[in-house]
Amino acid sequence: MRKRKLIGLLMLAILLLGGCGKEPEKDISPSPTPVHLEAPVIQGEGEAAEAAKAVMNVYAAEIGIVAAGSPDNLTYTIPGNALNQFIRDVQASGAVPANGYYRFSWSQGGNYTYETTVDDAPEIESATPDPRDETPMDSQLNGDYAVSGGGIFERVRSYEIADTVTRGRMEISDSLNGEITGHEYFAFSVRDGELYFVDATLNFNIDGDGENEQEGFLTAVGVLRSDSLEILECVYTAPEQFPDPANVNWAQFTAEAKPVSSLSAQGEKVTVSP
């Protein structure tokens, strides 16, 4: 199952980039939790979108089967999600291919510094002290308490992808106040009708002092076929260790790999471990 160790940072990024105000709450009945996510579908118009659709349509039926049978392991969504992001950035940037490749970078971000005080939390003012406890309320809760955070956030996505969308790579780098908070590398190659891909993300832990500790890269390595797929998640200490989708020998790779999780599908039979 794909690990998410930087929940706080990821949520911050979502909030910063979303920029949406809170909508009024509606009195509605709770909906049942879906048993699985829908398989990603290539979206958009234009040459890049049409080329990506032609590539991914070959594997759509098998990915749909896996989506219905794998509610916890979502590594099968990686290629489709990456290509959809590529298409959105092509459209937003107006990038066009040159010498057979799209080569461009697209960034977003800004100053998202914030500060809030106890006065912004009316629920504290309305709280009733415990009548059995005559200890005065903490003075920090009497108007002087403030919390600040955020800062200069930037996300940069760089691409080098063939105009046929049959091979290429992308890198995503996040920074907050000049410090790297996330990095992702995605590369893929279509060979003999099979799509090989590698997706690596920085593997962070938070230590006892609240500081980030980098522990290499959590890397999904997979192959999609029209009637099957195999994806292994492994941990590597450096990018030089990543398999190359353009020439990886799958039998040799699986024989030597030490995966932390795996997803395998043969037709309608889906196996997830652990």
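Residues numbered from 1 in each chain as written. Predicted model: local features only at pLDDT ≥ 70, side-chain atom pairs only at ≥ 80, totals over all residues. Heavy atoms only, no water.

A. View of the pairing of strand β9 (residues 228–236). Among the nine residues that make up β9, seven are buried, leaving the element largely enclosed by the rest of the structure. Sheet topology places β9 next to strand β10 (residues 261–266); six bridges connect them, and they run antiparallel. Each residue of the ladder has a partner; that of isoleucine 231, found in β10, is leucine 263. (Buried < 20%, exposed > 50% of the residue type's maximum accessible area, 1.4 Å probe, protein only. Helix = DSSP H or I, 4+ residues; strand = E, 2+ residues; numbered from the N terminus. Pairing = 2+ DSSP bridges.)

B. Geometry of the side chain of glutamine 85. Tracing the chain through its elements places glutamine 85 in helix α4 (residues 78–93). Judged by relative accessible area, which is 19%, glutamine 85 ranks as buried.

C. Representation of the confidence of the model for the protein chain within the structure. Mean pLDDT over the protein chain stands at 82; residues scoring 70 or higher make up 72%. Mean pLDDT across the secondary structure elements of the protein chain bottoms out at helix α1 (residues 7–18), with 41, and peaks at helix α2 (residues 47–56), with 98. Below a pLDDT of 50 lies the segment residues 3–27, which in the model reaches 20 contacts outside its immediate sequence neighbourhood of four places, other chains included. With pLDDT under 50 throughout, residues 131–143 is counted as low confidence; its partners more than four residues away or in other chains account for seven contacts. (pLDDT = per-residue confidence, 0-100. Contact = heavy atoms within 4.5 Å.)

D. The arrangement of the nonpolar core in detail. By size, the foremost hydrophobic cluster in this structure holds 37 residues, and its most contacted members are Met56, Phe86 and Phe197. Not counting chain neighbours up to four residues away, the residues in contact with methionine 56 comprise Ile42, Ile63, Pro79, Gly80, Leu83, Leu195 and Leu224. Residues Val198, Val223, Tyr236 and Trp250 belong to the second largest nonpolar core, which totals 15 residues. (Core = buried A, V, L, I, M, F, W, Y, C linked by side-chain atoms within 4.5 Å.)

E. Here's a closer look at the packing of aromatic side chains. In the structure shown here, the tally under the stated rule is eleven aromatic pairs. By way of ring pairs, the aromatic residues Phe86, Tyr102, Phe104 and Tyr159 are connected into one cluster. The positively charged end of arginine 191 is found above the aromatic ring belonging to tyrosine 196, 4.2 Å away from the centroid. (Phe/Tyr/Trp six-rings, centres within 6.5 Å; stacked < 30°, edge-to-face > 60°. Lys NZ or Arg CZ within 6 Å of the ring centre and 35° of its normal.)

F. A look at unusual backbone geometry. Cis geometry is adopted by the peptide bond preceding proline 274, which originates at serine 273 and carries an omega value of -10°. A positive phi angle, near 55°, is found at asparagine 99, a position not held by glycine. The exposure class assigned to asparagine 99 is exposed, which follows from its relative accessible area of 78%. If you check the backbone angles, valine 165 has positive phi at about 55° while not being a glycine. Tracing the chain through its elements places valine 165 in the loop between β4 (152–162) and β5 (167–176).

G. Structural view of the pairing of β10. Of the two faces of β10, the one lined by Ser261, Leu263 and Ala265 is fully buried and the one lined by Ser262, Ser264 and Gln266 carries no buried residue. Where β10 and strand β11 (residues 269–273) come together, five bridges link them in antiparallel fashion. Across the sheet, serine 262 pairs through a bridge with serine 273, a residue of β11. Hairpin connection between β10 and β11: a loop of two residues separates the two successive antiparallel strands, and glycine 267 in this loop has a positive phi of roughly 65°.

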